[in-house]
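# Descriptive structure summary
This is what each chain is made of:
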Amino acid sequence: TNFISSNPQICTILGFMVDKEVQFGIVYNPILDQLWTASKGQGAEYNGSKIHVSSCTNLSTALLIQEMGGSSSDQKIEMVNKNLRTFIPKVRSIRAYGSAGINLAYLAMGAVDAYFDCGFHIWDYAAPLLIVTEAGGVGMDITGEKVDYLARRMLAASSQELADQILPNMATVPMER
């Protein structure tokens, strides 16, 4: 949607997995010439410079990403509305960039503090989530357990403390694998 609407928040995502573990990830925005990269155990970079997530540990000061989505599912629409009603009074502010890759890349470089979603696909978030974790952030399933990339859902945050404050407040919907 961003691309066909001439919104510059677009990206190409490339990742490589071995035994269900992402080994490296690349997110590239060709319009703005932004390149985020990470290799497992080697940290994360933005345009060749090391990056780190923000130091946010408190929900009240967090900048949260909540995508609205293009789903016509009543269940998904209600989930988004419920999360907006829940989080607007609890966080500093909410953003939506329209791209899971950009959302997670911004989280990795400290421009936002947390992002969760249900309904996207492994190619949307596996590689960018490695960039977040290599930049010092946390990534998990919305149950708080290890990410299952085929479950189509995840929470990423700048800290475990912040993730722990988001998890019990999130409304979610079941997703088909």
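Right above here is the structure, for reference.
Conventions adopted
- The residue numbering used here restarts from 1 in each chain and proceeds along that chain's sequence as written.
- Local features in this predicted model are restricted to residues whose pLDDT is 70 or higher, and side-chain atom pairs enter the listing and the counts only when it is 80 or higher, whereas totals over whole chains, interfaces and linings include all residues.
- For the side-chain quantities, the full set of heavy atoms in the structure was used; hydrogens and water were omitted.
- Definition used for salt bridges: Asp or Glu carboxyl oxygen within 4 Å of a side-chain nitrogen of Lys or Arg.
- Helix and strand assignments follow DSSP, with helices taken as H or I runs no shorter than four residues and strands as E runs no shorter than two, numbered in order from the N terminus.
- With a 1.4 Å probe rolled over the protein chains alone, any residue whose accessible area is under 20% of its type maximum counts as buried; one over 50% counts as exposed, and the rest are partly exposed.
- For two strands to be treated as a pair, DSSP must find at least two bridges joining them.
- Axis lines are fitted through C-alpha atoms, for helices just across the contact stretch, and the angle between N-to-C directions can take any value from 0 to 180 degrees.
- Residue contacts are defined here by distance: any two heavy atoms, one from each residue, within 4.5 Å place the two residues in contact.

Time to look at the pattern of salt bridges. Think of it this way: side chains of opposite charge can pair up when their charged atoms draw near. Applying the stated rule across the entire model yields 6 salt bridges. Across the salt bridge formed by E21 and K40, the nearest N and O atoms sit 3.3 Å from each other. Placement of E21 in strand 2 (residues 21–29) and of K40 in the loop between strand 3 (34–39) and strand 4 (44–46) is noted, with a sequence separation of 19 residues between them. As a salt-bridge pair, D117 and K76 come within 3.8 Å of each other at their nearest N and O atoms. In this pair, D117 is assigned in strand 8 (residues 114–118) and K76 in helix 1 (residues 74–87), connecting sequence segments 41 residues apart. K76 carries the same exposure label as D117, and that label is buried. Linked by salt bridges that have partners in common, E21, K40 and K146 make up one network.

This part is about the pairing of strand 1 (residues 12–18). The pairing of strand 1 with strand 2 spans 7 bridges and is antiparallel. By the bridge assignment, V18 is partnered in strand 2 with E21. Where strand 1 folds back onto strand 2 in an antiparallel hairpin, the turn is made up of 2 residues, including D19, whose phi is positive at roughly 50°.

This brings us to the sheet that holds strand 9 (residues 138–140). Taken together, 5 strands build an open sheet; the order of strands is 7-6-8-10-9 and the sheet is mixed. Each having just a single partner strand, strand 7 (93–95) and strand 9 make up the two edges of the open sheet. If you compare each strand with its neighbour and ignore which way they point, the axes differ by 20° on average. Relative to strand 10 (residues 153–157), strand 8 runs antiparallel, the two sharing 5 bridges. By the bridge assignment for strand 10, F116 is matched with L155. The strands that helix 3 (residues 122–134) touches are strand 9 and strand 10; relative to strand 10, the one it contacts most, it runs at about 20°.

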